[in-house]
Amino acid sequence: MYQHTRLTTNRLGFFQKFRNFDYILLICILLLGFISLATMYSTDGGEVKFHTKSHFTKLAVFTLMMLVMSFINIKYWFSIGYLAYIAIVGLLVGTYLFGITSSGSQRWINLYFINLQPSELMKIFIIVCLAKFFHRMKLENVNSIYTILTSLIIILLPMGLVIVQPDLGTAVLIAISGIAVLWFAGINYKYFIYTILGFVISLPFVIAFLKPYQKLRVLTFLNPDKDPLGAGYQIIQSKIAVGSGGIFGKGFLKGTQSYLEFLPEKHTDFIFTLFSEEFGFVGSAILLVIYAVIIYRIVAIGASSRSYFAKIFCYSFGVAIFVFITINMSMVLGLLPIVGSPLPIMSYGGSSMLATMIGFGIVMSARVHNQQLIA
Amino acid sequence: MINSSSDNVKKLNSINRRMFITGSLKFFVMIGIVSRLFFLQVKENKKYLTLSDKNRIREWKLAPVRGEFHDYFGNVIAGNFEAYQLHVIPEQVEDFRYVIYRLRDLLELSDTEFKKVLKKKNEIKPWETLIVSDNLSWQKFSKINNHLYDLNGVKPVISISRNYPFKENFTHLIGYVSQANQDDIESTQAIKKNFVPGLKVGKIGLEKTFEEKLIGTNDIERYEVNAYGRRISQLEFQKGEKGKTLRLTIDTEVQKLSNELLKDKAGSICVMDIYTGAVIAMHSSPSFDPNLFVFGISQDDWQLIRNNPMKPLVNKTLQGNYSPGSTIKPIVALSALENGIVNTNFTVRCTGKTEMYGQTYHCWKKKGHGYVSLRNAMKQSCDTYFYEIARKLGVDRLSETAKKFGLGEKVFGDLFDIEKKGLIPNTQWKKNALGKGWLLGETIITGIGQGYIQTTPIQLCLMTAQIANGGYKIYPHLVVDDKVKDQPIDKFTPLYKNSKNIKIIQDAIFGSTNEVMGTSYRSRIDNPKYQFAGKTGTAQVKKITEEERELDLKTFQIPYEQRDHALYVAFGPYKNPRYALSVIVEHGGNGSTTAAPMATKLFKLIIDRHKIRESLGNKKYLEI
């Protein structure tokens, strides 16, 4: 009788929401969570120790949080866009002022119940914020000076706060998240081309301004064998671990490179190395397929969403997740210099997982409320 | 509304177009990552697998078990024993301070030893083995074992180490082992290859010469290690090979007797088989206990050996350059006969001294020997006779014969790097070495083995052996079955022009021992089984002045360093000779009173042992 009821009704029943769930995405996330737990168990030397326990707790809590988030209307996430951005910028300022220093950089802030790394959250919320910014904007206004300047400020402000920590890697990832939104929002191609050209031209000057350790990283990346026990150690050992894995890997809990502690940072940035050593090319390919399916689902959810905000968020988040994965893997495989960037879900680290799960939560919410229009 | 919706459509078109562009970009990047994975894990897998193994597998070499030295009869003269050691791995000790102080009390370590241990502990990694003590007595070892309950992390270990059961008897011959130093590692390939910290290698003697044969090969343990080098698990144990055991020609009984005879004296005894060249005994006195060096000699012991005026560190058999004295006379006489200077009927009148070229030359017997022929002159060792025939012979012809019989030449070739060549002078030599012309007076004193001429005890022994075997060349050797292929082609070539001359010399030497008036008559053995023939020698170490000659001092009245060296060379049994020997007692006074009686005792034993030796040899041939 009322053909358009579903289109006009904003309210969905609890069970309807369940029906709207993207189960493929959910299964993939749970699968990834399971794989990450197994890998973490391996980094603990085949015992349930601190990292495994802690990772499990975070995984459970944040997955639950993601599910709860998916029941909350996408409208709500739209509405808190600016507020969340401002709050996190506030946290970044707080980090700058009272942050916890660890291994030479001030990245964490003590929130009494949790030590949070606000820069990780910013990777997601900059997308929310910019997606909201462009949501109502007419296409002809997108390329106006005002828009471009405002969006640049939105990106550069947190970037600057992260660079001073210092954490160049995360700052670049925040920028990439933001630029992804600008790209989907329809900023003229030529600006991207100019930016890339400008970047290439200014590269020598940028290098001149890099901190010595950053310069060293770039040089080491270009020639890791020059200093195999010093700066090149991580890249070399990581390549050895991955390469020695072979087609089927050395077997679960049998990765000698990690088990004998040759691998640096095996819980965090180099978790893929350990996984790849133990499960080989086949295992790594399966992991990549899971990630690919996740990204595909995120993009598909974006495509099926009616609201522009949901669309632009999903597409940009898809790009962001993709970039996080590829940068982490390229770095571990010796294709990029070592920049601290975790592998989403797999790496140990609460803030990174929280941010990723929030992203998944919003995507899920967009899926559940995919007919929701935002005024 | 329409306007807004058309804008929406435009926006959607734009975003979808860009989404497709992004999607295809993602696809290509993904392909890139997968191909990189494929490259590393499939294509380059072997390379990285090797690198990974290189990372995680480390080898530990253990000291090889050294080959032994046996004497001719199979007695171990340099062997291995189980040394009781105490190892501590600092990391496995809960309270290192407590344990180390407890050990100090139990082992009664001195302050310096204790400090050394603590210093060593600071130099190693906490999971490496600290050797607290490398050679414990059984008492202390069992004491530690009784207290193990409160010495957590302390490991009593039994390890293999060098042992010389006959102590000072074989020191100069075999040498000793001690910790390898940088020079040892660089100079010998085998040491470099098998080196482990604490490896003991030969420092002197045969231990050094045969290092490559004795050293053996390492046991190899392969361990899986972590990034910090800590051992995780043993993967493999590869047993090394024990070094080659060498059987020597030496008879321990004879060697022991030599040591006994030279007790508290400085000198040398060597005994040789005159046909095979097998060395039966070779001893230099005073000697020292080589076991002292195995675990590092203490400063006190070292000073005691180093400062001993009798110079125990010198291997007198090979390194001692002595004037041969009268022991050269058989060669002088032989040379004169061979060159037709004299015959057996030629006589010289000895009046106790003779004037030649304005210089007075004394015979050892003041009253003189009267008219002496060759046989009598040899028997009574008449100096005047030999002055005369030396003068007639000339030093060049004399040196030729002497060199033929092995003087002035290394006896063992390259076997010992310390061996001296001695010196057989001739006119050419003096011109080259000293740049002066030869004086006739020098020929005259060379005739009685004084002046420039210098010989080592082993050379004298070889010389006597070659006279005793009828004048045939032999090559002395110490190791049994040491590669027959190396046998020199000129072995057993005659050294004489006329074999009758050798007979004459042998007979003259026989007279010297077994006939009344002979210089070593008092040391003779009448039983033909043991009967030997020998020539005494007394080598002056300084020129005797006229006043001293007048005083005619007895040996004990002269200061030790100025006393004559006593020499004796002999072969026996006379009827069917088999062994030759040389005895030198530094500053022993007279050859006939000091050196010759030693030969009597030696020959008794040597000839008794001969039968046992032969039976062993025969048995060996039967087995083959």
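In this text the structure is predicted, and so the values were computed from the model without any measurement.

Observations concerning the overall build of chain B
Moving on, step 1. Along chain B, the regular secondary structure elements total 24 helices and 19 strands.
Moving on, step 2. Going through the 624 residues of chain B one by one, you find that 42% of them count as buried.
Moving on, step 3. Residue pairs in contact within chain B that sit at least 24 positions apart in sequence constitute 73% of those at least 6 positions apart.

Some points on the sheet that holds strand β17 (residues 533-539) of chain B
The strands making up a sheet are joined through hydrogen bonds of the backbone, oriented either antiparallel or parallel.
All names here are of chain B.
Moving on, step 1. Ordered by their spatial adjacency, 5 strands build an open sheet running β12-β11-β19-β18-β17, and the pairing between neighbours is antiparallel. Of all strands in the sheet, those bounded by a partner on one side alone are β12 (279-285) and β17. For this sheet, the mean angle separating the axes of adjacent strands, direction not counted, is 10°.
Moving on, step 2. With 7 bridges joining them, strand β11 (residues 267-273) and strand β19 (residues 579-585) adopt antiparallel strand pairing. Within β19, the residue paired with Cys-270 across the bridge is Ser-582.
Moving on, step 3. Across the face of the sheet, helix α11 (residues 252-261) comes into contact with β11 and β12 while running at roughly 25° to β12.

Observations concerning the interface of chain A and chain B
Moving on, step 1. Counting residues at the interface gives 36 residues for chain A, matched by 35 residues for chain B.
Moving on, step 2. Ranked by residue count, the leading element in the side of chain A that touches chain B is helix α16 (residues 308-332) of chain A, at 9 residues.
Moving on, step 3. Looking at the side of chain A that touches chain B residue by residue, the classes come out as 21 nonpolar, 11 polar and 4 charged.

Considerations on helix α22 (residues 499-514) of chain B
Residues and elements named next belong to chain B.
Moving on, step 1. Between its terminal C-alpha atoms α22 stretches 23 Å, which fits the 22 Å expected from 16 residues at 1.5 Å a residue.
Moving on, step 2. Here α22 has its buried residues at Asn-501, Ile-502, Ile-505, Ala-508, Ile-509, Phe-510, Gly-511, Ser-512, Thr-513 and Asn-514.
Moving on, step 3. Summarising the contacts, the buried residues of α22 are in contact with α15 (329-338), α16 (374-380), α21 (457-468) and β17.

Comments concerning the sheet that holds strand β8 (residues 219-225) of chain B
Residues and elements named next belong to chain B.
Moving on, step 1. Pairing is antiparallel across the open sheet formed by 3 strands, whose spatial order is β1-β8-β9. With one partner strand each, in any of the chains shown, β1 (57-62) and β9 (231-238) form the two edges of the open sheet. Within the sheet, the average angular offset between the axes of one strand and its neighbour, ignoring direction, is 30°.
Moving on, step 2. Sheet topology places β8 next to β9; 6 bridges connect them, and they run antiparallel.

Quick notes on the pairing of strand β2 (residues 105-110) of chain A
Residues and elements named next belong to chain A.
Moving on, step 1. As paired elements, strand β1 (residues 100-102) and β2 share 3 bridges and run antiparallel to each other. By the bridge assignment for β2, Ile-100 is matched with Trp-108.
Moving on, step 2. Remark: 2 residues form the turn of the hairpin made by β1 and β2, two consecutive strands paired antiparallel; Ser-103 in that turn has positive phi of roughly 40°.
Moving on, step 3. Where β2 and strand β3 (residues 115-116) come together, 2 bridges link them in antiparallel fashion. From the neighbouring strand, Asn-110 faces β3, where its bridge partner is Asn-115.
Moving on, step 4. Two successive antiparallel strands, β2 and β3, enclose a turn made up of 4 residues, where Tyr-112 displays a positive phi of approximately 70°.

A few points about the packing of helix α6 (residues 81-98) of chain A against helix α9 (residues 145-163) of chain A
Residues and elements named next belong to chain A.
Moving on, step 1. Interhelical geometry of α6 versus α9 gives an angle of 20° and a closest axis separation of 10 Å. Taken together, α6 and α9 sit at an angle that is classed as roughly parallel. Like other packed secondary-structure pairs, α6 and α9 cross with a definite hand, here left-handed. Here Val-89, Leu-92, Val-93 and Tyr-96 of α6 lie close against α9, whose contacting residues are Leu-157, Pro-158, Leu-161 and Val-162.
Moving on, step 2. Taken together, the residues of the contact of α6 with α9 break down into 8 nonpolar, no polar and no charged.

Section: the confidence of the model for chain B
Moving on, step 1. Of the residues in chain B, 97% have a pLDDT of 70 or more, and the chain-wide mean is 88.
Moving on, step 2. Scored below 50 in pLDDT, residues 620-624 of chain B makes 0 contacts in the model with residues more than four places away or belonging to other chains.

Topic: the nonpolar core
Considering soluble globular proteins, one finds that nonpolar side chains tend to be buried as a cluster.
Moving on, step 1. Of all hydrophobic cores here, the largest spans 118 residues; its most connected members are Val271(B), Met272(B) and Leu581(B).
Moving on, step 2. In terms of residues, this core owes the most to one element, α21(B), which gives 8 residues.
Moving on, step 3. Two domains each provide a minimum of three residues to this core, namely domain 1 (60-247) and domain 2 (252-302 + 314-623) of chain B.
Moving on, step 4. When neighbours within four sequence positions are excluded, Met272(B) is seen to be in contact with Gly277(B), Val279(B), Ile280(B), Cys461(B), Leu462(B), Ala465(B), Pro476(B), Tyr579(B) and Ala580(B).
Moving on, step 5. Membership of the second largest hydrophobic core comes to 107 residues, among which are Met122(A), Val242(A), Val299(A) and Ile15(B).

Some points on unusual backbone geometry
Moving on, step 1. For the bond from Gln165(A) to Pro166(A), the omega torsion is 0°, close enough to zero to count as cis.
Moving on, step 2. Checked against the element boundaries, Pro166(A) lands in the loop between α9 and α10 (168-185).
Moving on, step 3. Cis geometry is adopted by the peptide bond preceding Pro286(B), which originates at Ser285(B) and carries an omega value of -5°.
Moving on, step 4. Topologically, Pro286(B) is positioned in the loop between β12 and α12 (291-294).
Moving on, step 5. Of note in the backbone geometry, Asp264(B) takes a positive phi value of approximately 60° without being a glycine.
Moving on, step 6. Secondary-structure assignment places Asp264(B) in the loop between α11 and β11.
Moving on, step 7. Even without a glycine there, the phi angle at Ser381(B) is positive, about 55°.
Moving on, step 8. Position of Ser381(B) relative to the elements: it lies in the loop between α16 and α17 (383-393).

Regarding the environment of Thr209(B)
Residue and element names in this part refer to chain B.
Moving on, step 1. Mapped onto the elements, Thr-209 comes out in helix α9 (residues 205-209).
Moving on, step 2. Residue Thr-209 is classed as buried on the basis of its C-beta count, with 21 C-beta atoms lying within 10 Å.
Moving on, step 3. Along the primary structure Thr-209 and Phe-416 are separated by 207 residues, whereas in three dimensions their C-alpha atoms are 6.6 Å apart.
Moving on, step 4. For Thr-209, the residues in contact, after removing those within four places along its chain, are Leu-415 and Phe-416.

A short note on the environment of Gly572(B)
Residue and element names in this part refer to chain B.
Moving on, step 1. Looking at where Gly-572 falls in the secondary structure, it is placed in strand β18 (residues 565-572).
Moving on, step 2. By C-beta crowding, Gly-572 is classed as buried, having 28 other C-beta atoms within 10 Å.
Moving on, step 3. Expressed as a C-alpha distance, the spacing of Gly-572 and Gln-531, which sit 41 residues apart in the sequence, is 6.3 Å.
Moving on, step 4. The contact partners of Gly-572, leaving out residues within four places of it in the chain, are Tyr-530, Gln-531, Phe-532, Ala-533, Pro-577, Tyr-579, Phe-603 and Ile-607.

Topic: the pairing of β8(B)
Residues and elements named next belong to chain B.
Moving on, step 1. When β1 meets β8, the two strands line up antiparallel, connected through 6 bridges. The partner of Arg-58 across the bridge, within β8, is Tyr-223.
Moving on, step 2. Hairpin connection from β8 to β9: 5 residues lie between these consecutive antiparallel strands, with Gly-229 at a positive phi of about 90°.

Some remarks on helix α11 (residues 189-209) of chain A
All names here are of chain A.
Moving on, step 1. In this model α11 runs 29 Å from its N-terminal to its C-terminal C-alpha over 21 residues, within 8% of the 30 Å that 1.5 Å per residue would give.
Moving on, step 2. The sharpest bend along α11 reaches about 55° and sits at Leu-203, with the proline Pro-204 one to four residues further on.
Moving on, step 3. Burial within α11 is sparse, with just 0 of its 21 residues counted as buried.

So, the confidence of the model for chain A
Moving on, step 1. For chain A, per-residue confidence averages 88 on the pLDDT scale, and 94% of positions sit at 70 or higher.
Moving on, step 2. Taken as a whole, residues 1-8 of chain A scores under 50 in pLDDT and shows 2 contacts with residues more than four places along the chain or in a different chain.

Some remarks on the packing of helix α7 (residues 118-135) of chain A against α16(A)
Packed helix pairs are specified by the crossing angle of their axes together with the interaxial distance, meaning the distance between the axes.
Residues and elements named next belong to chain A.
Moving on, step 1. The contact between α7 and α16 brings their axes to 9 Å, and the two run at 145°. Viewed along their axes, α7 and α16 form a crossing whose handedness is right-handed. Within the contact between the two elements, α7 uses Lys-123, Ile-127, Val-128, Ala-131, Lys-132, Phe-134 and His-135 and α16 uses Tyr-308, Phe-309, Ile-312, Phe-313, Ser-316, Phe-317 and Ala-320.
Moving on, step 2. Taken together, the residues of the contact of α7 with α16 sort by class into 10 nonpolar, 2 polar and 2 charged.

Rules behind the numbers
- Residues numbered from 1 in each chain as written.
- Chains lettered and ligands numbered in written order.
- Predicted model: local features only at pLDDT ≥ 70, side-chain atom pairs only at ≥ 80, totals over all residues.
- Helix = DSSP H or I, 4+ residues; strand = E, 2+ residues; numbered from the N terminus.
- Buried ≥ 20, exposed ≤ 12 C-beta atoms within 10 Å, placed from the backbone.
- Contact = placed C-beta atoms within 7 Å.
- Pairing = 2+ DSSP bridges.
- Axes fitted to C-alpha atoms, helices over the stretch in contact; angles between N-to-C directions.
- Nonpolar A, V, L, I, M, F, W, Y, C, P; charged D, E, K, R; others polar.
- Expected span 1.5 Å × (residues − 1).
- Parallel < 35°, antiparallel > 145°, perpendicular 65-115°, else oblique.
- Left-handed = near helix turned anticlockwise from the far one by under 90°.
- pLDDT = per-residue confidence, 0-100.
- Core = buried A, V, L, I, M, F, W, Y, C linked by C-beta atoms within 7 Å.
- Domains from an automatic or database assignment.
- Bend = angle between axes of the 7 residues up to and from the residue.

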